[in-house]
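A look at the structure
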Amino acid sequence: MSAKTLTIAQQKGGSGKTTVAANLAVCFLQQGFSVAILDTDPQGSLGRWFMTRRTVMEDPGLAFSTASAWGVSYEADKLRASHDIVIIDTPPKADADLRPALREADLIVVPVAASQVDLWATEGVLELADRARRPSLLVLNRARTGTRLTSQMSDALRELETPTADTVLANRVLYAEALGEGYGVAERARTGPAALEIESLAAEILKVLQD
């Protein structure tokens, strides 16, 4: 497989973009891929996670870079030259700052937290993805298993024209705990439910990228 770029994007803050980006990076790394992460969000959450990771392990296993909107293409090209997978974390807004990261994507992963407000916010990102002519994959995130809201959100996402992942990421404390410590959930509990969710999502993403 040639080098692939995933852009994690969502207009609304609090959707879990950085959590999804970090955990996919760790999952792909454990599967034997060389992985680089690119933080384009001025808040720098993915960068803080990476720097924390450097303090808790001798080799973080990942390459890391940052870029503002105008530098995304240049940095992504550099990272793709030496890595199998590049994952780009983006600002929580749908405007000109987001477009360069969307154009670099082989697949745009759009986390949607389980609320109607988050569903509404998704429309702007999908419109930009369509303009960039890049495929997207919706991912229901921070869902509470077995609730009516989660069921309603799953149905609502599947009514959209954009493909939705079969994998649903649950609202688990471990995601926040692991992120704050510089780890992915698969490094904290390799066979736990959170790790299995991320592995399932990663498998779906790889299938899309290889088709």
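For the structure itself, look to the data block above.
So, here's what we can say about the structure. The model shown is predicted, which means the values in this text are computed figures rather than measured ones.

Considerations on the packing of helix α1 (residues 17–30) against helix α2 (residues 45–56)
One can describe the packing of α1 onto α2 by two numbers: an axis separation of 9 Å at closest approach and a directional angle of 45 degrees. In this view, α1 runs oblique relative to α2, as classed from their interaxial angle. Our pair here, α1 against α2, has a crossing hand that is right-handed. Counted together, Thr18, Ala21, Ala22, Val26 and Leu29 of α1 and Ser45, Leu46, Trp49 and Arg53 of α2 form the full contact between these two elements.

Quick look at the packing of aromatic side chains
Enumeration over the complete set of coordinates arrives at 2 aromatic pairs. When the ring of Phe28 is compared with that of Phe33, the centres are 6.0 Å apart and the planes differ by 90 degrees; the resulting orientation is edge-to-face. Overall, Phe28 belongs to the buried group, its relative accessible area being 0%. On the basis of an interplanar angle of 20 degrees and a centroid distance of 5.0 Å, the ring pair of Phe50 and Phe64 is categorised as stacked. Of this pair, Phe50 sits in helix α2 while Phe64 is found in strand β3 (residues 63–66), placing the two residues 14 residues apart along the sequence.

Comments concerning unusual backbone geometry
Of note, the phi angle at Arg133 is positive, near 60 degrees, even though the residue is not glycine. In this structure, Arg133 sits in the loop between α5 (116–132) and β6 (136–141). With a phi close to 55 degrees, Arg142 is a non-glycine residue in the positive phi region. Relative to the assigned elements, Arg142 resides in the loop between β6 and α6 (148–158). For Arg142, a relative accessible area of 37% translates into the label partly exposed.

Here we look at the pattern of salt bridges
Applying the stated rule across the entire model yields 9 salt bridges. Its salt-bridge partner being Glu181, residue Arg188 comes within 2.7 Å of it at the nearest N-O pair. Residue Glu181 is classed as partly exposed on the basis of its relative accessible area, which comes to 37%. What emerges from the salt-bridge pattern is a single network uniting Asp77, Arg80 and Glu104.

Some words on α5
Its 17 residues place the ends of α5 25 Å apart at the C-alpha level, agreeing with the 24 Å of an ideal helix rising 1.5 Å per residue. Buried within α5 we find Asp118, Leu119, Ala121, Thr122, Gly124, Val125, Leu126, Leu128, Ala129 and Ala132. Looking at the buried residues of α5, the elements they touch are α4 (99–103), β5 (107–113), β6 and α6.

Notes on the pairing of strand β2 (residues 35–39)
Most of β2 is tucked away, with 5 of its 5 residues classed as buried. Of the two faces of β2, both are covered, the one formed by Val35, Ile37 and Asp39 as well as the one formed by Ala36 and Leu38. In terms of strand pairing, β2 meets β3 through 4 bridges, oriented parallel. Its bridge partner lying in β3, Ile37 is registered against Phe64. A crossover connection joins β2 to the parallel β3 through α2; in handedness this β-α-β unit is right-handed.

Some details on the environment of Arg54
Examined against the element boundaries, Arg54 turns out to sit in helix α2. Along the backbone, Arg54 and Ala101 are 47 residues apart, and their C-alpha atoms lie at a distance of 25 Å.

Considering the sheet that holds β2
Read from one edge of the open sheet, 6 strands run β3-β2-β4-β1-β5-β6, paired in parallel fashion. A strand with exactly one partner marks an edge of an open sheet, and here the two such strands are β3 and β6. Neighbouring strand axes in the sheet, compared pairwise and without regard to direction, differ in orientation by 20 degrees on average. The pairing of β2 with strand β4 (residues 85–89) spans 5 bridges and is parallel. Residue pairing in the sheet places Ile37 in a bridge with Ile87 of β4. Contacts from α2 reach β2, β3 and β4 within the one sheet, and its direction differs from that of β2 by about 135 degrees.

Some thoughts on the nonpolar core
Counting residues in hydrophobic clusters, the biggest one holds 34 residues, and the most contacted among them are Leu6, Leu24, Phe28, Trp49, Ile87 and Ile205. Per-element tally for this core: the top contributor is α1, with 8 residues. Among residues more than four places away in sequence, those in contact with Leu6 are Phe28, Val86, Ile87, Ile88, Leu107, Val109, Ile205 and Leu209. Of all hydrophobic cores here, the second largest spans 19 residues; its members include Ala105, Leu128, Leu140 and Ala143.

How each quantity is defined
- Residues numbered from 1 in each chain as written.
- Predicted model: local features only at pLDDT ≥ 70, side-chain atom pairs only at ≥ 80, totals over all residues.
- Heavy atoms only, no water.
- Axes fitted to C-alpha atoms, helices over the stretch in contact; angles between N-to-C directions.
- Helix = DSSP H or I, 4+ residues; strand = E, 2+ residues; numbered from the N terminus.
- Parallel < 35°, antiparallel > 145°, perpendicular 65-115°, else oblique.
- Left-handed = near helix turned anticlockwise from the far one by under 90°.
- Contact = heavy atoms within 4.5 Å.
- Phe/Tyr/Trp six-rings, centres within 6.5 Å; stacked < 30°, edge-to-face > 60°.
- Buried < 20%, exposed > 50% of the residue type's maximum accessible area, 1.4 Å probe, protein only.
- Salt bridge = Lys/Arg side-chain N within 4 Å of Asp/Glu carboxyl O.
- Expected span 1.5 Å × (residues − 1).
- Pairing = 2+ DSSP bridges.
- Right-handed = clockwise from strand over helix to strand, strands pointing away.
- Core = buried A, V, L, I, M, F, W, Y, C linked by side-chain atoms within 4.5 Å.

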